[in-house]
Amino acid sequence: MPTLLVDVRRAVIRVFNMKLYSLADSAQEALETFSVFTGEKPDLVPLGIRAVDEAIGGMYPGTGVIIAAATGIGKSSIALHGALRAAEEGVPVGIVSIEDGPDVIGVRLLSWKSGVPTLDIRRGTLDPDQLQRLDKARVALEAMEYPVMAYPVGRPIEDVEDVLRAMGEAGIRLVYIDYLQKIRGGNQDRRNEVAGNFTRMQRICYDRGMVPVIISQLSRGFDPDRPPSIHMLKESGDLENEARLIILLWRDTKEPDKLQLKVGKSTFGGERVRAEYVRNKAGFLVEVKEEFGEEF
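The present account deals with the structure reproduced in this document. Predicted model, so just to flag it, every value in this text is computed and none were measured. (Residues numbered from 1 in each chain as written. Predicted model: local features only at pLDDT ≥ 70, side-chain atom pairs only at ≥ 80, totals over all residues. Heavy atoms only, no water.)

## Considering the nonpolar core
Grouped together as the largest cluster of nonpolar side chains are 41 residues, with contacts concentrated most on Leu47, Val52, Ile67, Leu174, Tyr176 and Leu245. Ranked by residue count, the leading element in this core is helix α4 (residues 75-88), at 7 residues. Excluding anything up to four places from it in sequence, isoleucine 67 contacts Ile49, Ile78, Tyr176, Val213, Ile214, Ile215, Ser216, Ile247 and Leu249. Counting residues in hydrophobic clusters, the runner-up holds 29 residues, among them Ile157, Leu164, Val175 and Ile183. (Core = buried A, V, L, I, M, F, W, Y, C linked by side-chain atoms within 4.5 Å. Buried < 20%, exposed > 50% of the residue type's maximum accessible area, 1.4 Å probe, protein only. Helix = DSSP H or I, 4+ residues; strand = E, 2+ residues; numbered from the N terminus. Contact = heavy atoms within 4.5 Å.)

Pasting the structure below:
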């Protein structure tokens, strides 16, 4: 190893407690990360979003993922969909809901398992058959270990960090955080605050072997008949640069009942992935189309 590199390494470790890598070190780290010569599968965590998982094989722990959509499009719905799908695949997954409490999420879970529309549950307009289905749904949900839920609604970034640490200690591998712009923390301007909160959460997840999927808003004012771009992330700071995978959601005026999904950015390939979702009678998202064709 070159003498200069050895000297620089020692200085960096002494001053910053960090490690420097040679080219061979970096290559070896990648070989070990992806289990190239062991005959084992890489330690990639699926997101529970089928089209994305099939294209890139999941995410390595600590890798920052953003799912972005405008207000009212279905950010929370896709987070719940992805988390439940990941749980079905055996992934220890958690949801940190910063906007909605257990009354909102709980109704959706009951509706998902029972098929009873959420509005019927909220209004209390339930017939005997619906009540029986809800009782069975409650029993079925009690038997599910994941997703693990946390509700730091309206809490500052420090409380969200505490929740993430607790999930990491409990063995969670994938965590959906809903949503970025609801978290407050620090006295800096809003753009830097948002970017700083993203980085803080990503660092905790990296240290604890979790994949963070962070829900974000898109700015208002984009053309609803055209897919949004990553540059429309609200108060983004450098989010479009920081995130390694950005998934965009929208509805266009021609098919308002369908939720459209595409990969807007990926360091790992799969930029042409798209999928479509509709809500079933219970109001829950289901996939209706998956495509790996031409960019649109």
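## Let's talk about the packing of aromatic side chains
Applying the stated criterion to the full structure yields 1 aromatic pair. In this arrangement the basic side chain of lysine 75 is found over the ring face of tyrosine 179, its NZ or CZ atom lying 5.2 Å from the centre. Directly above the ring of tryptophan 112 sits lysine 113, whose terminal nitrogen or CZ lies 4.8 Å from the centroid. (Phe/Tyr/Trp six-rings, centres within 6.5 Å; stacked < 30°, edge-to-face > 60°. Lys NZ or Arg CZ within 6 Å of the ring centre and 35° of its normal.)

## Examining the packing of helix α8 (residues 157-169) against helix α9 (residues 190-207)
For the pair α8 and α9, the least separation of the axes is 10 Å and the interaxial angle reads 20 degrees. The pairing of α8 with α9 is recorded here as roughly parallel in orientation. Of the two elements, α8 crosses α9, and the hand of that crossing is right-handed. The residues of α9 that touch α8, namely those facing Ile157, Glu158, Val160, Glu161, Leu164 and Arg165, are Asn197, Arg200, Met201, Ile204 and Cys205. Class assignment of the residues belonging to the contact of α8 with α9 gives a composition of 6 nonpolar, 1 polar and 4 charged. (Axes fitted to C-alpha atoms, helices over the stretch in contact; angles between N-to-C directions. Parallel < 35°, antiparallel > 145°, perpendicular 65-115°, else oblique. Left-handed = near helix turned anticlockwise from the far one by under 90°. Nonpolar A, V, L, I, M, F, W, Y, C, P; charged D, E, K, R; others polar.)

## What about the pattern of salt bridges?
Two side chains carrying opposite charge are able to pair once their charged atoms lie near each other. In total, this model carries 13 salt bridges according to the counting rule given. A salt bridge links arginine 85 to glutamate 89, with the nearest nitrogen and oxygen atoms 3.6 Å apart. For arginine 85, a relative accessible area of 11% translates into the label buried. Close ionic contact of lysine 258 with glutamate 255 constitutes a salt bridge, the shortest N to O distance being 3.2 Å. (Salt bridge = Lys/Arg side-chain N within 4 Å of Asp/Glu carboxyl O.)

## A few points about unusual backbone geometry
The omega torsion of the bond from tyrosine 146 to proline 147 falls at 5 degrees, within 30 degrees of zero and hence cis. In this fold, proline 147 is placed in the loop between α7 (128-142) and β3 (148-150). Of note, the bond from aspartate 178 into tyrosine 179 is cis; its omega dihedral lies within 30 degrees of zero at 0 degrees. Its place among the elements puts tyrosine 179 in the loop between β4 (174-178) and α9.

## What to know about the side chain of serine 216
Along the chain, serine 216 falls in strand β5 (residues 211-217). Judged by its relative accessible area of 0%, serine 216 is buried. A polar atom in the side chain of serine 216 sits 3.1 Å from the side chain of glutamine 181. Setting aside residues no more than four positions away along its own chain, serine 216 makes contact with Ile66, Ile67, Ala68, Ala69, Lys75, Leu180, Gln181, Leu233 and Leu239. (Polar contact = N/O pair within 3.5 Å; in protein donor to acceptor, adjacent residues only side chain to side chain.)

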